[in-house]
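Single-letter residue listing:
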Amino acid sequence: MERKVVMKSKWSIFVLACWVLVCLTGCGGDLETQRSVLRVGVVLYTQDDPFINALTDCLREDLEEYETDSLKIIMTVRDGKNDQGLQDEVVEEILDAGCDILVVDLVDRTEPSNIIKMAKKENIPVIFFNREPVLEDLMQWDRLYYVGGDAKQSGTMQGEIAAEVIRADPAVDRNADGKIQYVLLEGETGHQDAIIRTDSVVKTLQEQGITLEKLSYQFANWNRGQAENKMTQLIHLYGDEIELVLSNNDEMAIGAVAAYEASGYPIEDRPVIFGIDGLDSALSAIQDNSIQGTVYNDKEGQAGQISRLAMDLFLDREPEDYDFENERYIFLPYQKVTTANVEEFLHGKEEVQ
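Residues numbered from 1 in each chain as written. Predicted model: local features only at pLDDT ≥ 70, side-chain atom pairs only at ≥ 80, totals over all residues. Heavy atoms only, no water.

Asks: An account of the overall build of the protein chain is needed here, citing residue identities and associated values.
Replies: Along the backbone of the protein chain there are 12 helices and 13 strands. For the protein chain, the share of sequence-separated contacts (at least 6 apart) that also reach a separation of at least 24 residues comes to 72%. For the protein chain, the accessible surface area stands at approximately 17400 Å², while carbon and sulfur atoms represent 48% of it. (Helix = DSSP H or I, 4+ residues; strand = E, 2+ residues; numbered from the N terminus. Contact = heavy atoms within 4.5 Å. Areas by Shrake-Rupley, 256 points an atom, 1.4 Å probe, with all protein chains shown as cover.)

Asks: Tell me about a negative patch on the surface, residues and numbers included.
Replies: Residues D57, E61, E64, E65 and E67 make up a contiguous surface patch of negative charge. Relative to the assigned elements, E61 resides in helix α2 (residues 50-65). Note on E61: relative accessible area 51%, which makes it exposed. (Patch = residues over 30% accessible without salt bridge, like charges linked within 9 Å, V, L, I, M, F, W, Y side chains within 5 Å. Salt bridge = Lys/Arg side-chain N within 4 Å of Asp/Glu carboxyl O. Lys, Arg positive; Asp, Glu negative; His and termini not counted. Charge placed at Lys NZ, Arg CZ, Asp CG, Glu CD. Buried < 20%, exposed > 50% of the residue type's maximum accessible area, 1.4 Å probe, protein only.)

Asks: Tell me about unusual backbone geometry, residues and numbers included.
Replies: Positioned with a positive phi, K81 is a non-glycine residue whose angle comes to about 50°. Note on placement: K81 falls in the loop between β2 (71-79) and α3 (84-97). Under the relative-accessibility criterion, K81 is labelled exposed at 56%. You will see that N289, though not glycine, has its phi angle at about 70°, which is positive.

Asks: So, the sheet that holds strand β3 (residues 101-104): which residues are in play, and what are the values?
Replies: In space, the 7 strands of this open sheet follow the order β2-β1-β3-β4-β5-β12-β11, with mixed pairing throughout. The open sheet terminates on both sides in strands that have one partner only, identified here as β2 and β11 (324-325). Summarising the sheet, strand β4 (residues 126-129) and strand β5 (residues 144-149) pair through 4 bridges and their orientation is parallel. Across the sheet, F129 pairs through a bridge with V147, a residue of β5. Lying over the sheet, α3 contacts β1 (36-44), β2 and β3, oriented at roughly 170° with respect to β1. (Pairing = 2+ DSSP bridges. Axes fitted to C-alpha atoms, helices over the stretch in contact; angles between N-to-C directions.)

Asks: Talk me through the pattern of salt bridges; I want residue IDs and the actual numbers.
Replies: It is possible for side chains bearing opposite charge to pair when their charged atoms get close. Under the counting rule described, the total for this entry stands at 12 salt bridges. Among the salt bridges present, the one from R143 reaches D316, with a minimum N-O distance of 3.7 Å. Note that R143 is positioned in the loop between α5 (135-138) and β5 and D316 in the loop between α11 (299-314) and β11, a separation of 173 residues in sequence. On the basis of relative accessibility, which here comes to 16%, the residue R143 falls in the buried class. Note that E251 is salt-bridged to R224, the shortest N-O span being 2.8 Å. With E251 in helix α9 (residues 250-262) and R224 in helix α8 (residues 224-238), the pair connects residues that are 27 residues apart, well separated along the chain. Overall, E251 belongs to the buried group, its relative accessible area being 10%. Given the relative accessible area of 32%, R224 is considered partly exposed.

Asks: Before we move on, could you go through the sheet that holds strand β8 (residues 244-247) and cite the residues and values that matter?
Replies: Spatial ordering of the open sheet is given by β7-β6-β8-β9, a layout of 4 strands whose pairing is parallel. On the outer flanks of this sheet lie β7 (212-219) and β9 (272-274), each paired with one strand and no other. Strand-to-strand twist of the sheet, defined as the mean angle between neighbouring strand axes without regard to direction, takes the value 15°. Against the sheet, helix α6 (residues 151-168) touches β6 (180-186), β8 and β9, its axis set at about 165° to β9.

Asks: Hey, could you go over α9 for me, with residue numbers and the actual values?
Replies: A rise of 1.5 Å per residue sets the reference length of α9, with its 13 residues, at 18 Å; its end C-alpha atoms lie 18 Å apart and thus fit the reference within 8%. α9 sits mainly inside the fold: 11 of its 13 residues count as buried. Restricting attention to buried positions, one finds in α9 the residues D250, E251, M252, A253, I254, G255, A256, V257, A258, A259 and Y260. Here α9 starts with a cap whose side-chain oxygen sits 3.0 Å from the backbone nitrogen of M252, and that cap is N249. Note on α9: the residue one or two positions beyond its end, G264, has a positive phi of about 85°. (Expected span 1.5 Å × (residues − 1). Polar contact = N/O pair within 3.5 Å; in protein donor to acceptor, adjacent residues only side chain to side chain.)

Asks: So what's going on with the packing of α6 against helix α7 (residues 192-207)? Which residues, and what values?
Replies: Where α6 contacts α7, the axes come no closer than 7 Å and their chain directions differ by 35°. With respect to the hand of their crossing, α6 and α7 are arranged in right-handed fashion. Listed contacts from α7 to A151, K152, S154, G155, T156, Q158, G159, E160, A162, A163 and I166 of α6 are D193, I196, R197, S200, V201, T204 and L205. The residue makeup of the contact of α6 with α7, split by class, is 7 nonpolar, 7 polar and 4 charged. (Left-handed = near helix turned anticlockwise from the far one by under 90°. Nonpolar A, V, L, I, M, F, W, Y, C, P; charged D, E, K, R; others polar.)

Asks: Could you give an account of the side chain of Q305, naming the residues involved and the relevant values?
Replies: The topology assignment puts Q305 in helix α11. Leave out the neighbours within four places in its chain, and Q305 touches V147, Y322, I330 and L332.

Listed below in structure tokens is the structure:
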């Protein structure tokens, strides 16, 4: 009998010791080492777009700033390869693997329904960026947001810069006919930003009193190489008739510069060229007068807003102190860049007035 009591006591002591050990290692020990994890899935329309890649780098840096001893942030970047069906599949894979916040640059801004449906089913908030979904889609659920720039503002500013350059230098009108013969490099067929930037830049130039004569519009899909090819064809077709090149983004503007270089045109014999985005390559080109201006697309500001919003949504905080339009949209202002202020952007000035 005594032996049974002793055995029972030993067993009780053993169980108690195990329980204490579990508490110490499973609770007390983990409290020091365990970290909450925020998993951010970023799905791009393509990884071949320098502006989008630069914005993604900014986003990664901003999210890292939110890391603490008790919070680890894992950001996964995937490529939609400019195919909406493929992008939908990539989003599904990310959700299946585990994700807390989705950040999506849509391939097709008019086709977010599958992504929204999948995210809503898993209760995962979505922050769209760069390509703006229509309001009806974004209002489907109260955990959908958009962060980007106002495309109309970028086209308007590009037109204002171009008008200033044309008025300041009569030599831009090479044949002195009182009209500016121009070509326009468009981003993508049916893309909202391409349509709006194209319409607003032309309208602004006309409102600024510049008489225009269109020679050609060419789609180059936001791509430098395609723009160089299209511009080379236009140079062969129109030669010195081209007095102005308007481009929906900087990559295509740099492509136009490359076409003139390859065609043997010295800078003084080229038309004036304008882009949009404020890429480093474009800022350098403004410095050496290869292009005459761009419009800065605030990738730093957009990344900052996306990261802050992601944290608020992750922590179930009501988003406050955001400048929302229609309760879902956050627009960051563009800024004009010319030879007069390009140095300020190159040296990373946070705000240029």
